[in-house]
Each structure stands twice: as structure tokens, then as C-alpha cells.
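Each chain, written out:
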Amino acid sequence: MREIVLDTETTGFEPEQGDRIVEIGAVELFNHVPTGNTYHQYINPERSMPQEAFQVHGLGDDFLRDKPVFAKIVDEFRSFIGDAKLVIHNAAFDVKFLNAELRWSGRPLLPRDCAIDTLDIARRKFPGSPASLDALCRRFGIDNSSRTLHGALLDSEILAEVYLELIGGKQPDLVLTPQRQNSSGADMSEDWRPTRRPVPLPPRITEEEKAAHAAFVEKLGKNALWTRG
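So, here's what we can say about the structure.

About the criteria used
Residues numbered from 1 in each chain as written. Predicted model: local features only at pLDDT ≥ 70, side-chain atom pairs only at ≥ 80, totals over all residues. Heavy atoms only, no water. Buried < 20%, exposed > 50% of the residue type's maximum accessible area, 1.4 Å probe, protein only. Helix = DSSP H or I, 4+ residues; strand = E, 2+ residues; numbered from the N terminus. Pairing = 2+ DSSP bridges. Core = buried A, V, L, I, M, F, W, Y, C linked by side-chain atoms within 4.5 Å. Contact = heavy atoms within 4.5 Å. Axes fitted to C-alpha atoms, helices over the stretch in contact; angles between N-to-C directions. Parallel < 35°, antiparallel > 145°, perpendicular 65-115°, else oblique. Left-handed = near helix turned anticlockwise from the far one by under 90°. Nonpolar A, V, L, I, M, F, W, Y, C, P; charged D, E, K, R; others polar. Phe/Tyr/Trp six-rings, centres within 6.5 Å; stacked < 30°, edge-to-face > 60°. Lys NZ or Arg CZ within 6 Å of the ring centre and 35° of its normal.

**Describing the pairing of strand β2 (residues 21-30)**
The element β2 is largely enclosed, with a buried count of 9 among its 10 residues. Examined bridge by bridge, strand β1 (residues 2-10) and β2 share 9 bridges and lie antiparallel to one another. Each bridged residue has a counterpart across the sheet, and for T10 the counterpart in β2 is I21. Strand direction decides the pairing type here: β2 and strand β3 (residues 33-42), joined by 7 bridges, are antiparallel. Residue pairing for β3: L29 is matched across the bridge by P34. The hairpin turn running from β2 into β3, its antiparallel successor, is 2 residues long, and N31 in that turn takes a positive phi close to 50°.

**Quick word on the nonpolar core**
One broad rule of soluble globular proteins: the nonpolar side chains tend to lie buried together. By size, the foremost hydrophobic cluster in this structure holds 24 residues, and its most contacted members are L6, I24, F77 and I81. Of all the secondary structure elements, the ones that give two or more residues to this core are β1, β2, α3 (70-81), β4 (85-88) and α4 (91-104). Residues within four places of I24 in sequence aside, it is in contact with L6, D7, T8, Y39, H40, Q41, I43, F70, F77, L98 and A152. Counting residues in hydrophobic clusters, the runner-up holds 21 residues, among them V27, L29, A160 and L166.

**Side note on the packing of α3 against α4**
Running from amino to carboxyl end, α3 crosses α4 at an angle of 115°, the nearest separation of the two axes being 10 Å. Relative to α4, the element α3 lies roughly perpendicular. The chirality of how α3 crosses α4 is left-handed. In contact with F70, V74, F77 and R78 of α3, α4 contributes L98, E101 and L102. Partitioned by chemical class, the residues of the contact of α3 with α4 number 5 nonpolar, no polar and 2 charged.

**Quick notes on the packing of aromatic side chains**
What the rule picks out here adds up to 6 aromatic pairs. Note on Y39 and F77: the rings are 5.7 Å apart at their centroids and 50° apart in plane angle, and the pair reads as tilted. Of this pair, Y39 sits in strand β3 while F77 is found in helix α3, placing the two residues 38 residues apart along the sequence. Both residues of the pair, Y39 and F77, count as buried. Ring centres of F93 and F97 lie 5.0 Å apart, and the angle between their planes is 50°; this geometry places the pair in the tilted category. Here F93 pairs with F97, and both are found in helix α4, just 4 residues apart, close to one helical turn. We note that F93, like F97, is buried. Three or more aromatic residues joined by ring pairs form one cluster here, namely F13, F93 and F97. Cation over ring: K67 sits above F63, and NZ or CZ is 4.0 Å from the ring centre.

This is the structure:
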């Protein structure tokens, strides 16, 4: 199962009012294990950066001026995420922006059920408790000391750790049942049935232990329970 943990940084809160994506970061998971495969891109929003947004992520006009616009990176981005499920903290926000950018680029939109929302999971799992990414890092003992400003790739890497904790630890799919194979190597887990061993296991009791037990039973007398057939 392939999943993409994703985060974006933007110029504001509303794409329909002219706000744009300025950074995308994403981390690939396969069967809930990070593969080391990541995606990271800064994007020219083709507009000035509001001071409020700059104070959040530190991405200013001078830095973003020579970065590609979204339409130039959209196909590479779509290729990276493919059909994988997205894992996003406050998914409605990021999906809203991604779909606005996809629509302006003339590309198909992400489906409504494309994302797992870790904010929703946290609120259901810990009702009444803070559910921000920083609060969840504190709850799970995840080091986020390098997160002085919001950054899409760093936040995705941290969120990947938080997500694995939220769903039950770093190995939620750990299978304890051994896989059984036949002589040709084919998996026989579903068809396997217990049978008598072709060769009995050798006894673990020693001859000395057998003799000591026999002597103990003999001392119990003829009416001892262990002497009855």
C-alpha cells in the first residue's frame, strides 16, 4: 500500500481570493514504512507575499522570484503522487489549494476522498486535547526542534512519524503469523492445516531424570495415583 504524506505552504487562506501555493513537500510510505523517496518544490506564486504568511514560513518575494510556476511542475508532481492515498494534517485546506492550482493548470482535480486527515484522527483519538502538529509531537515524543518555521518537506517528514503513531505505532501491519511455503516456495498460508509430524521430536528428558522420577513414584507405594493404569 502506497501513501504520500504531504504538506503545502501558501500565501494565505483562500485560493479563490488570489492566494497560491508556494511550496510542496511530500514523503512516500509503502506499507506504512518510509521509503526515503521524497518530493520537494518551491513555487513562484506570481504575486507578492503578505507579511502574515511570510512570518509563518519565511518564503519571500526575492527567494521565490526565480522558482517555477505551478503549471511548470504540475505533471512532475502528479507523477510523484500517482494514485496513492494522501496523508495530510487538516486535509481540507491543502486539497482546496491543490485542486485550485490543478484547475488553473487545466488538470484533473483530486477526488473528494483522496486524503486521510491526521487532524481528524487526532481529534477523534484524543477528544478535547490539542491536535496541532507541534502538540502531537509533544504527545508522542517526536523531536521537532528544527521546526522553527513552517516548511513543507520538514513538516511532511514530521507528520509521517505522527501518522504512524496515530495508527498504532511504527509497525501497524506487523504480521505475527508465520508464512508457510511448500517445497516449490509457493505460499500455503490459507490452505495449511495442522498434521502429525512425520518424525517425532526427540524427548528432552534425560535418562538420569527418568530414573529419578521412577524412584520417586516407587516411594509413593502401590496405591499411588501415578501407578494406576
